Amino acid sequence: MRFGPVAPKDAVGAILAHSLSLDGRRLKKGTRLTDEHAAQLAAAGIRQVVVAQLEAGDLPEDTAARLLAERLATPGLRLGHAATGRCNIHAEAPGVVTFEPDAVHRLNLVDEAMTLATLPPATRVAAGQMVATIKIIPYAVPKSQVETALTAAQMVRLRLHPFRPMRVALIQTRLPGQKDALFDKTERVTAARLAPLGLRLDRTQVVSHDTPALTEALWDAREDLVLIIGASAIADRQDVIPAAIARAGGQIERLGMPVDPGNLLCLGDIGGRPVLGLPGCARSPKPNGLDTVLERLVAGLPVDSGTIARMGVGGLIDEIPERPAPRLSPEIAEDRPGPVGAIILAAGQSRRMGPRNKLLIEVDGRPILAHVARAVREAGLPPPVVVTGCEADQVRAALKGEPVRFVHNPDFAQGLSTSIHAGISNTPEAWAGSFICLGDMPEVTPATLRTLASHFDPAAGRTICVPVHGGRRGNPVLWGRKHFPRLLALSGDVGAKHLLAELQDEVTEVDAASTGVLADVDTPEDAEALLVTRSQKVL
């Protein structure tokens, strides 16, 4: 590839290396220059322009990035859209990501023009979260170097190990004088710890803190994973919990781990089923060594004494829970790898519908709002934030059984912007962006949400993704975290439509196959039309 300044007439077919202002509009870097561009440059008095000119045997940056990403991706991982020399790789489901670190180093040593960045090994990820990114530095690289890098990429062995369904039991031991509140709290904390792994507590039990009582409880346990937390910490292999595991026919794989907090964890096995004696810090929701072991077990990764022995590097996590994680500034957060989520606005008063709350109208046996929540779930997004307001109890009931998090907006009568405030203010820090979904758009499909999410790429400048059908923009819009302050600045009974015009350079329009992105339910006539449309689909 040749790189450098040339006269405008010699730049036709080349790639513009640096953005230019031309007649009041911006000519972006990366633009393939045409005869028209050359004439405009010359007319503006520009005598030289810096360009990249591909030569025989060169591959364009996006092509090279896509090829490498395709070689790295395995089942459970999906590719983002290749642009500006970058192609991101995302997890399709919650799980643990593994790879060979030395192979990543070897790939990055092939040529400085090609880079692979990953999350740390054995990182827990959410559905949609970025796990790796390929970035090509120049506008093109020699095909021969790409072929060498492809060979190296094969050895990276990037894998997503999705979390598996497992039945889980929690057994707690009691000493005289201990209050029930302690056991209730431990049960709640454990259930919250399991929830991100897609698990729940199938059975809980409290027994005396002695070996015979615990042994009997272990004999009766039939769950896939048994968690035991004792009334006192495990001090020796002959202590109550390890002794009971052995007496119940099991074996102790490891007592103690080089992770702090979490040192006093016991890893056992009964009949091929893992049994964990938990450290005392497991009564707290703060991160500890138990989380690392649980994530691997639920993802189906082997955990033995050697696995735990190698957890010491990075095992000092004692300071992490002692202070809250800093809130990232929008400038930092926009490039932060993370999943996208969804806010569902369900607080409105449905004034144009008369006495009926449009969100509660049943279509195909489910409230309109439930169709929206289901689309978010089936798209593989994290549990959405649902903003309630008018008839909050009925709205909650309409979503019974759906994995959602409710946030109430007491100011809902003051307009749409207040609901957007409530939703944005309660988005998890891990989210790199969020859809703002209207609760009255039941025809939006999971496929549409997935397509929009696949085009979202803050590092490439695609921080707002808007669905378009038949030349018309629709909803929901996916907003990057960098724009959250602008959304929080909204006031009155308005949405964020006007911001799209102000932020046009960051908007990516995405073709939507479904008309659902244009169809909301505002009036009784809209509701009737929706019911007719649905009945015709059934016929």
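Residues numbered from 1 in each chain as written. Predicted model: local features only at pLDDT ≥ 70, side-chain atom pairs only at ≥ 80, totals over all residues. Heavy atoms only, no water.

### Digging into the overall build of the protein chain
This is how it is decided: Strands are runs of DSSP state E lasting at least two residues, helices are runs of H or I lasting at least four, and both sets are numbered from the N terminus onward. Only protein chains enter the area calculation, which uses a 1.4 Å probe; residues under 20% of their type maximum are buried, those over 50% are exposed, and those in between are partly exposed. The contact criterion used throughout is that any non-hydrogen atoms of two residues lie within 4.5 Å. Per-residue and other accessible areas follow the Shrake-Rupley method at a 1.4 Å probe size, with only the shown protein chains counted as cover for residues.
Check the secondary structure of the protein chain and you find 17 helices and 30 strands. Residues classed as buried in the protein chain amount to 50% of the 539 residues present. For the protein chain, restricting intrachain contacts to residue pairs at least 6 apart in sequence, the fraction spanning at least 24 positions comes to 69%. Carbon and sulfur atoms form 52% of the exposed surface of the protein chain, whose accessible area is close to 25,100 Å².

### Here we look at the side chain of Arg86
Note the following rule: Neither His nor the chain ends is counted toward charge; the positive residues are Lys and Arg and the negative residues Asp and Glu. Here a salt bridge means any side-chain nitrogen of Lys or Arg lying within 4 Å of a carboxyl oxygen belonging to Asp or Glu.
By the element assignment, Arg86 lies in strand S8 (residues 86-91). With no salt bridge to any partner, buried Arg86 finds its closest opposite charge in Asp457, at an N-O distance of 4.9 Å. Discounting residues that sit within four places of it in the chain, Arg86 has contacts with Asp62, Ala65, His81, Thr133, Ile134, Lys135, Asp457 and Ala459.

### Let's talk about the sheet that holds strand S5 (residues 49-53)
Cut-off, in case you're wondering: Two strands pair if DSSP finds at least two bridges between them.
Reading across from one edge, S1-S5-S2 is the order of the 3 strands in this open sheet, with antiparallel pairing throughout. Since the sheet does not close on itself, it has two edges, and those belong to strand S1 (2-6) and strand S2 (15-16), each with one partner.

### What to know about the pairing of strand S17 (residues 225-229)
Of all 5 residues making up S17, 5 are buried, and the element is well covered by its neighbours. Burial of S17 is two-sided: the residues Leu225, Leu227 and Ile229 facing one way and the residues Val226 and Ile228 facing the other way are all buried. Here 5 bridges tie strand S15 (residues 168-174) to S17, and the two strands are oriented parallel to one another. Counterpart to Ala169 in the pairing with S17 is Val226. One ladder, built from 4 bridges, connects S17 with strand S20 (residues 273-278); its direction is parallel. By the bridge assignment, Ile228 is partnered in S20 with Gly277.

### Let's talk about the sheet that holds strand S16 (residues 201-208)
Selection criterion: Axis geometry follows a simple rule: fit a line to the C-alpha atoms, using only the stretch in contact for helices, then measure angles between N-to-C directions, giving values from 0 to 180 degrees.
Reading across the sheet, the 6 strands line up as S16-S15-S17-S20-S19-S18 and stay open at both edges, with mixed pairing between neighbours. The open sheet has two edge strands with one neighbour each: S16 and strand S18 (251-255). On average, adjacent strands in this sheet sit at an angle of 20 degrees to one another, irrespective of strand direction. Where strand S19 (residues 266-270) lies against S20, 5 bridges are found, and the strand directions are antiparallel. When the bridges of S20 are listed, Gly268 appears paired with Val275. Contacting S15, S16 and S17, helix H5 (residues 180-194) runs over the sheet at an angle of about 155 degrees to S15. Running at roughly 170 degrees to S20, helix H8 (residues 289-298) makes contact with S17 and S20 of the sheet.

### A short note on the nonpolar core
To keep it simple, the criterion reads: Throughout, nonpolar core names a set of buried Ala, Val, Leu, Ile, Met, Phe, Trp, Tyr and Cys residues whose side chains join them through atoms within 4.5 Å.
Ile89, Val131, Val156 and Leu158 are the most contacted members of the largest nonpolar core, which has 35 residues in total. Where this core is concerned, the elements lending two or more residues are helix H2 (61-72), strand S7 (77-79), S8, helix H3 (101-108), strand S10 (114-118), strand S12 (130-136) and helix H4 (143-154). The contact partners of Val131, leaving out residues within four places of it in the chain, are Leu77, Ile89, His90, Ala91, Val97, Ala117, Thr118, Leu119, Val125 and Leu158. With 31 residues, the next largest nonpolar core counts Met166, Met257, Leu294 and Leu301 among its residues.

### Topic: the packing of helix H11 (residues 368-378) against helix H14 (residues 446-455)
So the rule is basically this: In this scheme, roughly parallel covers angles under 35 degrees and roughly antiparallel covers those over 145, while 65 to 115 is roughly perpendicular and the rest are oblique. Helix crossings are classified by the rotation of the near helix relative to the far one: an anticlockwise turn of less than a right angle makes the crossing left-handed, while a clockwise turn makes it right-handed.
Where H11 contacts H14, the axes come no closer than 8 Å and their chain directions differ by 50 degrees. In terms of orientation, H11 lies oblique with respect to H14. Seen along the crossing, H11 lies across H14 with a hand that is right-handed. Mapping the contact onto sequence places Ala375, Val376 and Glu378 in H11 and Pro446, Leu449 and Arg450 in H14.

### A short note on the pattern of salt bridges
Between side chains of opposite charge, pairing is possible as soon as their charged atoms come close. Counted under the stated rule, the structure contains 16 salt bridges. In this structure, Arg377 engages Glu402 in a salt bridge whose closest nitrogen and oxygen atoms are separated by 2.9 Å. Taken together, the residues Arg377 in helix H11 and Glu402 in the loop between helix H12 (392-398) and strand S25 (405-408) connect sequence positions 25 residues apart. Given the relative accessible area of 37%, Arg377 is considered partly exposed. One network of salt bridges, with partners in common, ties together Arg366, Arg377 and Glu402.

### Considering the packing of helix H6 (residues 211-220) against helix H7 (residues 240-247)
For the record, the criterion: Amino acid classes used here: Ala, Val, Leu, Ile, Met, Phe, Trp, Tyr, Cys and Pro are nonpolar; Asp, Glu, Lys and Arg are charged; the rest, including Gly, are polar.
Interaxial distance between H6 and H7 falls to 8 Å at its minimum, and their mutual angle equals 50 degrees. Considered as vectors, H6 and H7 are oriented oblique to each other. Seen along the crossing, H6 lies across H7 with a hand that is right-handed. Together, Thr211, Pro212, Leu214, Thr215, Leu218 and Trp219 of H6 and Val240, Ile241, Ala243, Ala244, Ile245 and Arg247 of H7 make up the contact between the two elements. Of the residues contributing to the contact of H6 with H7, the split by class is 9 nonpolar, 2 polar and 1 charged.

### Some points on the environment of His421
Inspection of the secondary structure puts His421 in helix H13 (residues 416-425). With a relative accessible area of 23%, His421 lands in the partly exposed category. Note: C-alpha distance between His421 and Gln238 (183 residues apart in sequence) is 56 Å. Setting aside residues no more than four positions away along its own chain, His421 makes contact with Leu487, Leu488, Ala489 and Leu490.

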